[in-house]
Amino acid sequence: MDFFFQCLQVSKKLRVHFHSFMLGIHRRLFELQKITGGKDPLVLVAKEIADQASVICFDEFQVTDVADAMILKRLLETLVDHGVVLVMTSNRLPKELYLNGLNRD
């Protein structure tokens, strides 16, 4: 991932540890919920991220929380809709990224 990120010839790129990323997402969703007056804060968060990065490289991607899984589904789909490219590494096998998770359909 180090080499890949360094070689990216893209000005708007972000490399982040997945756990830190999710903490920031939860924080920003909480902040926006207080000021948006019922608007969907997830769409606003995705737009903010897409404005800052056209490529996001996640280190140690894994989902261990059902709430994170629900947020991620919509967030990642919205980021991709905005043209953001997502690259992920993990210390787990792909089939173990949401090991024993709920609502797997």
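See the structure above.
Residues numbered from 1 in each chain as written. Predicted model: local features only at pLDDT ≥ 70, side-chain atom pairs only at ≥ 80, totals over all residues. Heavy atoms only, no water.

Turning next to helix α2 (residues 18–35). The periodicity of an α-helix, 3.6 residues per turn, causes residues three or four places apart in sequence to face the same way. If you check α2, its first and last C-alpha atoms are 26 Å apart, about what 18 residues at 1.5 Å a residue would give, namely 26 Å. Burial in α2 covers these residues: F18, F21, M22, I25, L29 and L32. Here the buried residues of α2 occupy an arc of 95 degrees about the axis, which is enough to place them on one side. Opposite the buried face of α2, at more than 90 degrees from it, the exposed residues are H19, R27, F30, K34 and I35. Structurally, α2 contributes buried residues whose contacts are with β1 (13–17), α3 (41–52), β2 (55–59) and α4 (66–81). (Helix = DSSP H or I, 4+ residues; strand = E, 2+ residues; numbered from the N terminus. Expected span 1.5 Å × (residues − 1). Buried < 20%, exposed > 50% of the residue type's maximum accessible area, 1.4 Å probe, protein only. Arc of directions from axis to C-beta. Contact = heavy atoms within 4.5 Å.)

Take the pattern of salt bridges next. Counting across every chain of the model gives 7 salt bridges. Among the ionic pairs, D2 bridges to R15, the shortest N-O distance being 2.2 Å. With D2 in helix α1 (residues 2–7) and R15 in strand β1, the pair connects residues that are 13 residues apart, well separated along the chain. Take D2: its relative accessible area is 46%, and that puts it in the partly exposed class. By relative accessible area, R15 is classed as partly exposed at 30%. Through salt bridges with shared partners, a single network forms among D2, R15 and D59. (Salt bridge = Lys/Arg side-chain N within 4 Å of Asp/Glu carboxyl O.)

Next up on the list: the packing of α2 against α4. Their axes nearest at 12 Å, the elements α2 and α4 cross at an angle of 85 degrees. When the interaxial angle is binned, α2 and α4 end up roughly perpendicular. Of the residues in α4, those touching α2 at F18, F21, M22, I25, H26 and L29 are D68, I71, L72 and L75. For the contact of α2 with α4, the residue count by class is 8 nonpolar, 1 polar and 1 charged. (Axes fitted to C-alpha atoms, helices over the stretch in contact; angles between N-to-C directions. Parallel < 35°, antiparallel > 145°, perpendicular 65-115°, else oblique. Nonpolar A, V, L, I, M, F, W, Y, C, P; charged D, E, K, R; others polar.)

What follows concerns the nonpolar core. F21, I25, I49, I56, L75 and L79 are the most contacted members of the largest nonpolar core, which totals 24 residues. Taken together, the elements giving at least two residues each to this core come down to α2, α3, β2 and α4. It is α2 that provides the largest number of residues to this core, a total of 6 residues. (Core = buried A, V, L, I, M, F, W, Y, C linked by side-chain atoms within 4.5 Å.)

We now examine α4. Taking 1.5 Å as the rise per residue, α4 with 16 residues should run 22 Å; its terminal C-alpha atoms sit 23 Å apart, in good agreement. For α4, the principal kink sits at L72 and spans about 25 degrees. For α4, the full list of buried residues reads D68, I71, L72, L75, L76, T78 and L79. In this structure, the buried side of α4 is in contact with α2, α3, β2 and β3 (85–88). Count one or two residues on from α4 and you reach G83, which has phi positive near 85 degrees. (Bend = angle between axes of the 7 residues up to and from the residue.)

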